[in-house]
Protein chains: 4
Amino acid sequence: MASDSSSASEQLVLSADPKHPANLICELCRGFYRLGWVTGTGGGTSIRHHDHIYIAPSGVQKEMMVPTDMFVMDFHSKEYLRKPQALKPSACTPLFLAAFTKRGAGCCIHTHSQWAVLITLLVERESGPDACFEIEQMEMIKGIPKGPGKQGALSYFDRLRIPIIENTAQEEDLTEALEQAMDNYPDTYAVLVRRHGIYTWGDNVHKAKTQCECLDYLFQVAVEMKKLGLPWTNASLADGL
Amino acid sequence: MASDSSSASEQLVLSADPKHPANLICELCRGFYRLGWVTGTGGGTSIRHHDHIYIAPSGVQKEMMVPTDMFVMDFHSKEYLRKPQALKPSACTPLFLAAFTKRGAGCCIHTHSQWAVLITLLVERESGPDACFEIEQMEMIKGIPKGPGKQGALSYFDRLRIPIIENTAQEEDLTEALEQAMDNYPDTYAVLVRRHGIYTWGDNVHKAKTQCECLDYLFQVAVEMKKLGLPWTNASLADGL
Amino acid sequence: MASDSSSASEQLVLSADPKHPANLICELCRGFYRLGWVTGTGGGTSIRHHDHIYIAPSGVQKEMMVPTDMFVMDFHSKEYLRKPQALKPSACTPLFLAAFTKRGAGCCIHTHSQWAVLITLLVERESGPDACFEIEQMEMIKGIPKGPGKQGALSYFDRLRIPIIENTAQEEDLTEALEQAMDNYPDTYAVLVRRHGIYTWGDNVHKAKTQCECLDYLFQVAVEMKKLGLPWTNASLADGL
Amino acid sequence: MASDSSSASEQLVLSADPKHPANLICELCRGFYRLGWVTGTGGGTSIRHHDHIYIAPSGVQKEMMVPTDMFVMDFHSKEYLRKPQALKPSACTPLFLAAFTKRGAGCCIHTHSQWAVLITLLVERESGPDACFEIEQMEMIKGIPKGPGKQGALSYFDRLRIPIIENTAQEEDLTEALEQAMDNYPDTYAVLVRRHGIYTWGDNVHKAKTQCECLDYLFQVAVEMKKLGLPWTNASLADGL
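The structure displayed is predicted, hence computed values, not measured ones.

Calculation notes
- Residues numbered from 1 in each chain as written.
- Chains lettered and ligands numbered in written order.
- Predicted model: local features only at pLDDT ≥ 70, side-chain atom pairs only at ≥ 80, totals over all residues.
- Heavy atoms only, no water.
- Contact = heavy atoms within 4.5 Å.
- Buried area = accessible area lost by both parts, 1.4 Å probe.
- Salt bridge = Lys/Arg side-chain N within 4 Å of Asp/Glu carboxyl O.
- Polar contact = N/O pair within 3.5 Å; in protein donor to acceptor, adjacent residues only side chain to side chain.
- UniProt positions renumbered as here; feature names shortened; annotations may be inferred.
- Helix = DSSP H or I, 4+ residues; strand = E, 2+ residues; numbered from the N terminus.
- Buried < 20%, exposed > 50% of the residue type's maximum accessible area, 1.4 Å probe, protein only.
- Least-squares fit on C-alpha atoms with pLDDT ≥ 70 in both.
- Phe/Tyr/Trp six-rings, centres within 6.5 Å; stacked < 30°, edge-to-face > 60°.
- Pairing = 2+ DSSP bridges.
- Axes fitted to C-alpha atoms, helices over the stretch in contact; angles between N-to-C directions.
- Domains from an automatic or database assignment.
- Nonpolar A, V, L, I, M, F, W, Y, C, P; charged D, E, K, R; others polar.
- Expected span 1.5 Å × (residues − 1).

Caption draft 1: Representation of the interface of chain A and chain B within the structure. Taken residue by residue, the interface counts 29 residues in chain A and 23 residues in chain B. Where chain A abuts chain B, roughly 2200 Å² becomes buried across the two surfaces, and 55% of that area is made up of carbon and sulfur atoms. Taken together, the links from chain A to chain B amount to two salt bridges. Where A:Lys227 meets B:Glu224, a salt bridge forms, and the shortest distance between an N and an O atom there is 2.5 Å. Between chain A and chain B we count 14 residue pairs in polar contact (both at pLDDT 80 or more) in total.

Caption draft 2: Expanded view of the UniProt feature "binding site: Zn(2+)" (unreviewed entry) in chain A. Using the residue numbers shown here, the UniProt feature "binding site: Zn(2+)" (unreviewed entry) corresponds to A:His110, A:His112 and A:His196. The greatest C-alpha distance among the residues just named is 10.0 Å, despite their covering 87 residues of sequence, which places them together in space. In this fold, A:His110 is placed in strand β5 (residues 107–111). Overall, A:His110 belongs to the buried group, its relative accessible area being 0%. Each residue touching A:His110, except ones within four places of it in the same chain, is listed here: A:Val38, A:Gly43, A:Gly44, A:Cys92, A:Phe96, A:Glu171, A:His196, A:Ile198 and A:Tyr199. Side chain to side chain, A:His110 and A:Glu171 meet in a polar contact 3.0 Å long. For A:His196, the location among the structural elements is in the loop between β8 (190–193) and β9 (197–202). Discounting residues that sit within four places of it in the chain, A:His196 has contacts with A:His110, A:Thr111, A:His112, A:Val117, A:Asn167, A:Glu171, A:Leu174, B:Glu139 and B:Tyr217.

Caption draft 3: Structural detail: the relation of the copies chain B and chain C. When chain B is brought onto chain C, the operation consists of a screw motion whose angular component is 90° and whose axial shift is 0.0 Å, with 0.0 Å RMSD remaining. Such a turn and shift between the copies fits a four-fold axis. When C-alpha positions in chain B are compared against the rotation axis, the closest is assigned to B:Lys227, at 5.2 Å. A share of only 3% of interface residues in chain B that are also interface residues in chain C marks the association as one of differing surfaces.

Caption draft 4: Quick peek at the packing of aromatic side chains. Enumeration according to the criterion identifies 24 aromatic pairs over all chains in this entry. On the numbers, 4.9 Å between centres and 75° between planes, the contact of C:Tyr156 with C:Phe157 is edge-to-face. You can call C:Tyr156 buried: its relative accessible area is 3%. For C:Phe157, a relative accessible area of 48% translates into the label partly exposed. Both rings, one in D:Phe133 and one in D:Trp232, keep their centres 5.1 Å apart while their planes meet at 70°; by these two values the pair is edge-to-face.

Caption draft 5: Examining the interface of chain B and chain C more closely. Taken together, the contact between chain B and chain C spans 29 residues of the former and 23 residues of the latter. Carbon and sulfur atoms make up 55% of the area that chain B and chain C hide from each other, which totals about 2200 Å². The interface formed by chain B and chain C holds two salt bridges in total. Along the contact surface separating chain B from chain C lie 14 residue pairs in polar contact (both at pLDDT 80 or more). Put simply, the parts of the chain that give the side of chain B that touches chain C at least two residues each are α4 (114–127) and α6 (205–227) of chain B. Per element, the largest residue contribution to the side of chain B that touches chain C is seven residues, and it comes from α4(B).

Caption draft 6: Layout of the pairing of strand β2 (residues 52–55) of chain D. Residue and element names in this part refer to chain D. One ladder, built from four bridges, connects strand β1 (residues 44–49) with β2; its direction is antiparallel. Each bridged residue has a counterpart across the sheet, and for isoleucine 47 the counterpart in β2 is tyrosine 54. Connecting the antiparallel pair β1 and β2 is a turn made up of two residues, with histidine 50 showing a positive phi of about 50°. Strand direction decides the pairing type here: β2 and strand β3 (residues 71–74), joined by four bridges, are antiparallel. Residue pairing across strands places isoleucine 53 opposite methionine 73, the latter belonging to β3.

Caption draft 7: Structural detail: the arrangement of the chains. The least C-alpha distance between chain A and chain C, which are not in contact, is 10 Å. Separated in space, chain B and chain D share no contact, their closest pair of C-alpha atoms being 10 Å apart.

Caption draft 8: Local environment of the pairing of strand β9 (residues 197–202) of chain B. Residues and elements named next belong to chain B. Across the six residues that make up β9, a large majority, six, are buried. Alternating residues of β9 divide into Gly197, Tyr199 and Trp201 and Ile198, Thr200 and Gly202, and every residue in both groups is buried. Relative to β9, strand β5 (residues 107–111) runs antiparallel, the two sharing five bridges. Each residue of the ladder has a partner; that of threonine 111, found in β9, is isoleucine 198. The pairing of strand β8 (residues 190–193) with β9 spans four bridges and is antiparallel. Counted as the bridge partner of valine 193 is glycine 197 from β9.

Caption draft 9: Highlighting unusual backbone geometry. Phi is positive for B:Lys78, which is not a glycine, with a value near 60°. The exposure class assigned to B:Lys78 is partly exposed, which follows from its relative accessible area of 31%. The residue C:Gln137 is not glycine, and still its phi comes out positive at about 55°. Mapped onto the fold, C:Gln137 is located in the loop between β6 (132–136) and β7 (159–165).

Caption draft 10: Just the sheet that holds β6(C), in detail. Residue and element names in this part refer to chain C. As summarised here, the arrangement of the nine strands in space is β4-β3-β2-β1-β5-β9-β8-β7-β6, forming an open sheet in which the pairing is mixed. Every other strand in the sheet has two partners, leaving β4 (80–82) and β6 as the edge strands with one partner each. Taken pair by pair, the neighbouring strands of this sheet meet at an average axis angle of 20°, ignoring direction. Note: strand β3 (residues 71–74) against β4, two bridges, orientation antiparallel.

Caption draft 11: Inspection of the relation of the copies chain A and chain B at higher detail. For these two chains of identical sequence, chain A goes onto chain B by a turn of 90° and a shift of 0.0 Å along the axis, with RMSD 0.0 Å. When the interface residues of chain A are mapped onto chain B, a mere 3% of them again fall at the interface, so the copies present different faces.

Caption draft 12: Quick look at the pattern of salt bridges. Under the definition given, this model contains 63 salt bridges over all chains. A salt bridge links A:Asp187 to A:Lys150; the shortest N-O distance between them is 2.7 Å. Here A:Asp187 is found in the loop between α5 (175–184) and β8, whereas its partner A:Lys150 is found in the loop between β6 (132–136) and β7 (159–165), with 37 residues between them in sequence. A salt bridge links D:Glu134 to D:Arg159, with the shortest nitrogen-to-oxygen separation between them at 3.4 Å. Of this pair, D:Glu134 sits in strand β6 (residues 132–136) while D:Arg159 sits in strand β7 (residues 159–165), placing them 25 residues apart in sequence. Classification of D:Glu134 by relative accessible area gives partly exposed; the value is 24%. Connected through shared salt-bridge partners, A:Glu224, A:Lys227, B:Glu224, B:Lys227, C:Glu224, C:Lys227, D:Glu224 and D:Lys227 make up one network.

Caption draft 13: Seen up close, the domain arrangement of chain A. All names here are of chain A. When its domains are assigned, chain A resolves into domain 1 (1–90) and domain 2 (114–241). Placing a centre on the C-alpha atoms of domain 1 and another on those of domain 2 gives a separation of 26 Å. The interface of domain 1 with domain 2 comprises four residues on the first partner and five residues on the second. Taking both partners together, domain 1 and domain 2 bury about 450 Å²; carbon and sulfur atoms supply 83% of that area. For the interface between domain 1 and domain 2, the tally reads zero salt bridges. Looking at the side of domain 1 that touches domain 2, its residues break down into four nonpolar, no polar and no charged.

Caption draft 14: Layout of helix α2 (residues 21–34) of chain C. The end-to-end C-alpha distance of α2(C) is 20 Å, a good match for the 20 Å that 14 residues give at a rise of 1.5 Å each. Judged by how many residues are buried, α2(C) sits mostly within the fold: ten of 14 residues are covered. All buried positions along α2(C) are accounted for by C:Pro21, C:Ala22, C:Asn23, C:Ile25, C:Cys26, C:Leu28, C:Cys29, C:Gly31, C:Phe32 and C:Tyr33. The inward-facing, buried residues of α2(C) abut β1 (44–49), β2 (52–55), β5 (107–111) and α6 (205–227) of chain C together with α6 (205–227) of chain D. One or two positions beyond α2(C), positive phi appears at C:Gly36, with a value near 80°.

Structure, rendered in C-alpha cells:
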C-alpha cells in the first residue's frame, strides 16, 4: 500500500549519493532537457534498482524535478511504495515495466527527440507502415549491444534495425504494440513511436543513456543525410534511393 | 499612482522565494535566451499574481534582468504600482493584458522564435494572408489544452490550429488583431504574428511555459518537415502538398 | 610607452566591478563562444571607456580569457598603455579603431558567425561582388538604430542593408575597405566580410551586443528562408527569386 | 609495469592545477560533449606531457570523467604507468601514439562530430574513395598551421586539404591507414575517418583544440553550403559542381 508523506516514504528518495536513482533521474532529465528531448513536460525516465522502480511523474517540467517528485513501485507486486499526492503517475509506466520485465532492463528512457520523430515520418513515406529504421556502416552503431544474452556490441558492418510502432491516443495503449515489437525484434534495445518519439532501455543507467545518445546521433545524421540526398544503407544506395 | 524607488515599491519585487513572480520572470527569460527566443532584447514575459501584474521592461537584455527591473501594474485599475525610472514599460503590455483579461491567463510569454517566424512565412506562401498554422497527429499536440473552460488537453488525433495575425509597425498596434484572433479562435492559447514571433499564454506560469515549449517544438519539427517534403496534415498529404 | 606588468598596468584591468571593460570583454566572449561566434580563437571584442580602449588579444581561446589578458590603448595617442608580454595584439585593432573614431562607437564586436559567412556567399552568388545583404519586414530589424545622429531605430517597414566587403589575406588590410563601406553606408552599424564574418558596433556595450544579436538572428532566419525558397525582400519576391 | 591503485599511481593524476593533463582531459571532454563531439561514450582525448601520455579510457561517459579515470603510459617504453582496474584502455591509443611519435604532437583529439561524418559522405559521393576534403577562401582556414617544421598558418588563399581514410571494424585497425595518410599528407594536422569522425592533433593542448574547432567550423559551414548549392572551391565553382 502506498505511503505518501511518511518518513519511510521519504527515505526511499532522499539520499546524499548522486548515484541514488531518485537523484540520477533528476540529473539525467536536466541533461535531456538541454538536448530538447523532454521539453514541454514530455518524455520520462525510469530506473529499476533491486526491487524498487523509480519513475518520474507525469506532467511536470522534467528539467526542474526534485527527488521527492519520484514515484516508487515494488518490482514484484507492481504496487506503489511511494506516490507523491500532488502528482500523477506517468502514463509511460506500463511501457517502462515492459522494458524491466520482458528485457531485464535497469533503466528505460523515453524522449520526444525531434530527430526520432522525423525518422518515423521519413521511413513511413518510403517503406509503408510496417517498416523499421535501418542504417549501416556508421561508427556509432557500435554503441548498441548485439542483444540480450549476447556478448558485445554491434559491428560497424552490422545493419542496425529499430522497429517503429504506430502512435495511439493514450500513451498506455502503446504497451501491447511495444511488447509485440520486442517480440518481433528480440535483439532491439529501442522502439520508435511514430510521430511521438522513442523508448530506449539498457541493462543499467549508463548503458541506457549511452544507447539513447548513440541512437539520437544516428537519427540526426540520418535526417541530415536525407536532406543531402545520401542513402542510409548500401541497398538503398544500389536502388538509387 | 506609481511609486518608483520607495521601500513599498521595492517590496513588490524583492523576495527570497524563487517562485515570486519578479524572480520567476528573470529565471524564465534566462532560459528563453538560451533557446534563442529573446535575443537582442526581443520578446518578453508577464505574470499575473492576484491583483498584481509583473512585466519585464522594454529594451533590456532579457537574460540579464534582475527583479528590480520589473514593472508592476494593478490588475483592476491598470495603473502602475511600480515603474523603474530608468526603464521603459514594455510595448507588449496591452497584448499581455489581453491574455489576462480576455482569457483569464496567469502568464503570457512573447518570443521571437525563429521557428515561429518561419512558420508564418511558410503558411503565407501556401495559404494566403488569412490562414492559420495547422498540424495534426503529433504527440506534442497533447501538451495544448482544449480551450478555456474545457477539461483536458487536445488529443493526438485533434488538429491544432494557431491563428496568424499581420505584423504592425508598433507592437501595441497588434492589440486589436490579437483580440480579434482570440475571438475568432475561442479555444486558442497562442497567436502567431507574421514575421515577428508568437504570444502564448496559460492559466499559470507552468502551463504557459509548457505550452510555449510544445508549440515551439511543433514549429521546429514542421519547418524540418517542409525541408524534407513531409506534409503537416493528412489533407495536405492527400493534396500532394 | 607601454608598461607591461607594473601595478599601474594591472590597475587598468583589475576591478571587482563586473561592468569594468576588462571584465565585460571576458564575460561577453564566454557568451559569444557558446553561440559559435568566436570558436578556434577567432573573432574579438573591444570596448572604449573614456580615453581607454580595451582589446582582447590575438590567438587566445576567447572563452577562457581573463582580465589580465587585455591590451589597453590610449584613445588619443593610439599608444598601448598595457601590453601583456606573452600575448600578441589583435589584428582587428585598426578595424575596432575605425568604429571608435569614424562612428564614435563605445564597443565593437567581431564574430565569425557561420550565418554571417553563409549570407555573404548567398549574396555573392545572386548579386555579384558589389551587393549588400538586404532584408525587410522582419520584426528584429527594429533592433537596429536608424543611424549615427538620427533618433530611434529602423521601422518594421524599412529595408535593412548591410554592406559586404571582400576578405583580404591579412585582417588589418580590411581597414580601408571597412572605412570605405562606412562612408558608402553612412547609417550602417555593421559591415559583413566575405567568407569571414562581421564587424558590428554600437554606442555602448549594450547596444553593440543587442545589434550583433539582432543581425545574427536575421542572418540565421535568412539562411533558413533560402533553404525553404522564401525571398528576403518583396522585390525579390516579385522577381521570383 | 603498471601500478594500479598505489599512491604513486594516484600522484600521476591528482593535482590541484587545472592545467594538469588529467584535469585538462576531463575539462576538455565536458566541453566536447556539449558540442556533440563525444556523446554515447564516443571519441577521446590524449595529452603528452614530457614522458607521460595521458589517455581517456574506453567506454565511459566522456562528460563525466574524473582524473582518476585516466590511463598513463610511458612515452618511450609504451608501457602503462597507470591502469585503472575497472576500466578498459582506449582503442584509440595506437592512433594517439601515431600523432605523438610521427608528428611530435602534444595533444590528440578524436571526435565523432556529425559534420565531419557528413563531409566524408559528401566527398565520397562526388570524388570516390581516394579523395580528400578540400575548401578554400574561408577565414577559418587561417587557424590551421602550414605543417610540421613550417612557420605560421595557412593563408586565406591556401587550399585546405584533409585526407579521408576508410573506417574499419576495429578502431585500432585504423592505425596503418592513419599513418599512411600522415605520410601522404605531410603537412596535415588531421585525418577524417569515413562514417566515423576525425583525429586532430597539435603541438599542445591549445593548438589541438583550436585546430579541432576551426576544422569543425569549416565542416559545418561546408555541409550548409552543400544544402544551399554553394561550391567549396573555385575549381568546383568553375565546373558547376
